[in-house]
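Coordinate analysis (summary)
The primary structure of each chain is shown beneath.
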Amino acid sequence: MSLPATRRISPTASDSRDAEPMMQPALRGRFAGLVHEPGAAGYDQQRRSLNPAIDPRPAVVIEACRVADVRAAVVAARELDLPFAVQATGHGTHVPSDGGILLKTSALAAVLIDPAQRIARVGPGARWGDVLAAAAPFGLAPLSGSAPSVGVTGYTLGGGVGWLARKYGFAADSVRRAQMVTADGRVVTASRERNPELFWALRGGGANFGVVTSLEFWLYPVARVYAGALYLPVEVAAETLVRYRDWADTVPDELSTAILLREMPDAPEIPEPIRGRRVLTVKAMYAGAGAPAERLLQPLRSIAGPALVDDLRPVRYADAAMGGTAVRHLDLYRQLPDAVLESLVSAYTKPGSTIANIEIRHWGGAMARPAADAGPVGHRSAPFSVIVDGHDPELIEQLRPHGIGGSFLNFLADPARTASAYTAANYRKLREIKAQYDPDNFFRVNHNIPPVY
């Protein structure tokens with residue numbers, strides 16, 4: 001489409017108030033949703049993300065309440081030559097939306113379930129808790145993340161690795177269709193049949209290709225799971241990690257696990273045996289009954305004897321909030337040699353360690369067996385990830401030679417490392433598709449993938 005040419009306006013965080021006299025007339029009457037300008041009620045609440053490291057100062061915040069508002073915001077940002085950013089829940093915001101238009105899609109949170117076809121259709125503001133609640137009565141489950149408060153769309157576009165991923169793949173792999181507003185203001189459908197290159201790119205390419213206004217994905221027949229955690233003495237960490245590394249290769253796709261060196265809060269709600277202690281935690285979810293799950297977990301249980309706390313139990317999938325680990329450093333591993341495991345245990349248990357948590361997570365399964373047309377979710381062949389939540393440069397240097405140097409978009413805090421979330425071939429293809437759908441890099445306030453020509 002052709003957008004009208006206007007005078008260039010490029011306010012920054014420091015002069016966004018100066019843009020108000022020009023912004024207000026330019027935007028007046030375009031939106032059914034609320035428009036918040038600096039100094040107005042609601043502006044400070046709506047501009048913030050959940051990331052305490054950034055303090056965004058957009059020139060205006062627009063709350064979309066219909067698809068037309070999304071399109072109007074894109075068109076207005078193009079007309080005024082302003083930076084443009086999108087935020088639903090704020091979980092994945094790592095770049096401040098300074099001096100431009102911040103579009104909030106939180107109100108577009110509709111969730112529709114088709115139980116016969118096992119399909120969910122959601123708006124861009126929907127959270128996983130909304131989908132879980134709507135799907136559970138039909139015995140169905142989405143490929144949701146670790147917390148019900150996380151936004152569905154951002155999580156899914158970034159790949160989406162959850163506790164059913166070994167059985168059913170990444171959340172991005174289950175996307176059937178998306179409606180979105182592209183950089184030129186068009187409302188388009190992306191699917192295997194319509195705009196297939198765009199469909200490929202959005203299933204793992206993040207928010208680089210448009211503003212998704214509707215997302216449709218498969219649901220799976222998982223009503224109940226056997227899930228929770230075992231809390232073991234940290235003294236058995238070295239032996240347990242070695243066994244975990246070898247054991248993980250033998251388990252079926254129904255079982256997803258992570259093993260953590262973890263500092264428990266000193267709080268009344270924490271069970272007394274682990275309160276305020278550093279412990280070894282085995283998180284597990286089995287898509288099935290408890291008896292086979294317990295047989296599979298027995299090799300890990302047998303090392304320490306009775307657990308300090310045993311929280312494994314049958315539970316509705318919708319109620320199995322497994323929690324996540326804060327990511328300061330993440331790398332993916334094709335194998336976990338003794339040197340890696342020894343470094344992790346030593347760094348965590350040494351006197352004065354500032355590391356709060358270390359997590360080893362088992363990937364693989366269906367994630368490593370994608371369909372021929374699967375999207376660009378990267379590094380599928382790596383069976384393990386290691387997360388370090390803490391500042392220990394010496395440990396990171398010890399780990400570096402053993403990892404692949406890759407990341408995962410949902411867990412990537414540093415936008416400068418976006419390319420590390422993909423294979424070289426997929427990153428090149430993403431940049432080519434970006435050049436086709438967003439040649440001016442309009443969608444850049446994100447984990448940016450620049451166009452290539």
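What counts and what doesn't
- Residues numbered from 1 in each chain as written.
- Predicted model: local features only at pLDDT ≥ 70, side-chain atom pairs only at ≥ 80, totals over all residues.
- Heavy atoms only, no water.
- Helix = DSSP H or I, 4+ residues; strand = E, 2+ residues; numbered from the N terminus.
- Contact = heavy atoms within 4.5 Å.
- Phe/Tyr/Trp six-rings, centres within 6.5 Å; stacked < 30°, edge-to-face > 60°.
- Buried < 20%, exposed > 50% of the residue type's maximum accessible area, 1.4 Å probe, protein only.
- Salt bridge = Lys/Arg side-chain N within 4 Å of Asp/Glu carboxyl O.
- Pairing = 2+ DSSP bridges.
- Axes fitted to C-alpha atoms, helices over the stretch in contact; angles between N-to-C directions.
- Polar contact = N/O pair within 3.5 Å; in protein donor to acceptor, adjacent residues only side chain to side chain.
- Expected span 1.5 Å × (residues − 1).
- Parallel < 35°, antiparallel > 145°, perpendicular 65-115°, else oblique.
- Left-handed = near helix turned anticlockwise from the far one by under 90°.
- Nonpolar A, V, L, I, M, F, W, Y, C, P; charged D, E, K, R; others polar.

What follows concerns the environment of Gly210. Within the element layout of this structure, Gly210 appears in the loop between helix H7 (196-202) and strand S9 (211-218). The sequence separation of Gly210 and Phe442 amounts to 232 residues, and the corresponding C-alpha distance is 9.2 Å. Each residue touching Gly210, except ones within four places of it in the same chain, is listed here: Met180, Val181, Thr182 and Phe443.

A word on the packing of aromatic side chains. Under the counting rule described, the total for this entry stands at 12 aromatic pairs. Considering the side-chain rings of Phe84 and Phe442, the 5.2 Å spacing of their centres and the 25° angle between planes classify their relative orientation as stacked. Taken together, the residues span a long stretch of sequence, with Phe84 in strand S3 (residues 84-87) and Phe442 in the segment after helix H12 (424-437) at a distance of 358 residues. Taking relative accessible area as the criterion, Phe84 reaches 2% and is therefore assigned buried.

A few words now on the pattern of salt bridges. A side chain with one charge may pair with a side chain of the opposite charge, provided their charged atoms come close. Inspection of the entire model under this criterion finds 28 salt bridges. With its nearest N and O atoms 3.2 Å apart, the salt bridge here joins Arg57 to Asp55. In this structure, Arg301 and Asp310 form a salt bridge, with 2.7 Å as the shortest nitrogen-oxygen distance. Judged by its relative accessible area of 17%, Arg301 falls in the buried class. A network of salt bridges, in which partner residues are shared, links Asp44, Arg47, Arg48, Asp55 and Arg57.

Before going further, it helps to examine the sheet that holds strand S2 (residues 60-63). Spatial ordering of the open sheet is given by S1-S2-S4-S3, a layout of four strands whose pairing is mixed. One side of each edge strand has no neighbouring strand; the edge strands of this open sheet are strand S1 (35-36) and S3. Where S2 and strand S4 (residues 101-104) come together, four bridges link them in parallel fashion. The partner of Ile62 across the bridge, within S4, is Leu103. Its contacts with the sheet place helix H3 (residues 67-80) against S2, S3 and S4, and it is angled at close to 170° to S4.

Here we take up the side chain of Ser385. Residue placement: Ser385 occurs in strand S17 (residues 384-389). Classification of Ser385 as buried rests on a relative accessible area of 1%. Separated by 2.8 Å, the side chains of Ser385 and Trp363 make a polar contact. What Ser385 contacts, discounting residues up to four positions off in sequence, is Asp331, Leu332, Glu359, Ile360, Arg361 and Trp363.

An ideal rise of 1.5 Å per residue puts 20 Å on 14 residues; H12 measures up with 20 Å between its terminal C-alpha atoms. The complete set of buried residues in H12 reads Asn426, Tyr427, Leu430, Ile433, Lys434, Ala435 and Tyr437. In the core, the buried residues of H12 are packed alongside H7.

Right, let's talk about the packing of helix H8 (residues 237-248) against helix H9 (residues 290-304) for a bit. For any two helices packed against each other, one specifies the crossing angle of their axes together with the interaxial distance. The interhelical angle for the contact between H8 and H9, taken along N-to-C directions, is 165°, at an axis separation of 9 Å. The orientation of H8 with respect to H9, classified from their angle, is roughly antiparallel. Crossing angle aside, the handedness with which H8 passes H9 is right-handed. Between H8, through Glu239, Thr240, Arg243, Tyr244 and Trp247, and H9, the contact on the second element is made entirely by Leu296, Leu297, Pro299, Leu300, Ser302 and Ile303.

With that out of the way, let us pick up the packing of H8 against helix H10 (residues 338-349). Interaxial distance between H8 and H10 falls to 10 Å at its minimum, and their mutual angle equals 145°. The handedness of the crossing between H8 and H10 comes out as right-handed. Where H8 approaches H10, its residues Ala237, Ala238, Leu241, Val242 and Arg245 are matched on the opposing element by Asp338, Leu341 and Val345. Taken together, the residues of the contact of H8 with H10 sort by class into six nonpolar, no polar and two charged.

Glancing now at the sheet that holds strand S6 (residues 119-122). Pairing within the open sheet is antiparallel, and its five strands lie in the order S5-S6-S9-S7-S8. Strand pairing shows two members of the sheet lacking a second neighbour, strand S5 (111-114) and strand S8 (187-191), which therefore form its edges. Between one strand and the next, the sheet's axes are offset by a mean angle of 15°, whatever the strand orientation. Across four bridges, S5 lies against S6 in antiparallel orientation. Within S6, the residue paired with Leu112 across the bridge is Arg121. Across the sheet, helix H4 (residues 128-135) is in contact with S5, S6 and S9; its angle to S5 comes to roughly 35°.

For the rest of this paragraph, the subject is the side chain of Asn357. In this structure, Asn357 sits in strand S16 (residues 357-362). Judged by relative accessible area, which is 15%, Asn357 ranks as buried. Not counting chain neighbours up to four residues away, the residues in contact with Asn357 comprise Leu261, Arg262, Glu263, Thr325, Tyr348, Ile387, Val388 and Asp389.

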